[in-house]
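Chain by chain, the residues:
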Amino acid sequence: MASPRPVDIMETSAIISLIIDGFLPIACGGAGGIPVIRDSTGITPVNGVIDKDATSALLGNLIEAQRLVILTDVEFVYRDYGRPSQEPIRRASAGGELGGNAAPR
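Asker: Tell me what's going on with the pattern of salt bridges, and back it up with residues and numbers.
Answerer: In a structure, side chains of opposite charge can pair up when their charged atoms sit close to one another. Summed over the entire model, instances satisfying the criterion amount to two salt bridges. Among the salt bridges present, the one from E87 reaches R79, with a minimum N-O distance of 3.2 Å. For R79, a relative accessible area of 30% gives the class partly exposed. The closest approach of N and O atoms between D80 and R83, which form a salt bridge, is 3.6 Å. Residue D80 is classed as partly exposed on the basis of its relative accessible area of 28%.

Asker: Just give me the short version of unusual backbone geometry, but keep the residues and values in it.
Answerer: We note that E64 has phi near 55°; this positive angle belongs to a residue other than glycine. For E64, the location among the structural elements is in the loop between helix 2 (52-62) and strand 3 (77-79). The phi dihedral of D80 is positive, around 60°, even though this residue is not glycine. When you line up the elements, D80 lands in the loop between strand 3 and strand 4 (87-89).

The rules behind these values
Residues numbered from 1 in each chain as written. Predicted model: local features only at pLDDT ≥ 70, side-chain atom pairs only at ≥ 80, totals over all residues. Heavy atoms only, no water. Salt bridge = Lys/Arg side-chain N within 4 Å of Asp/Glu carboxyl O. Buried < 20%, exposed > 50% of the residue type's maximum accessible area, 1.4 Å probe, protein only. Helix = DSSP H or I, 4+ residues; strand = E, 2+ residues; numbered from the N terminus.

Listed below in structure tokens is the structure:
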């Protein structure tokens, strides 16, 4: 099942308030956050896992971040992962090298 696309982050205003007050919040989504549905009865969690990269990108856009840093414990992200031509990407820049899904699934 494909991950649902995140459309909002409930804690955005709290994160913005921390930034305005001079703090550097570190926002971690774990598995990308807990998907919920907001309706007239309130907020209800739903089964699913939100993609953490998509969640991070959304948060960056919502708070108008100048930089997005994604920390990982893998040694490298690989070009052509799982193929004979696989090689580590040792350096990347915004808007270029990685594109699409760069991580193994």
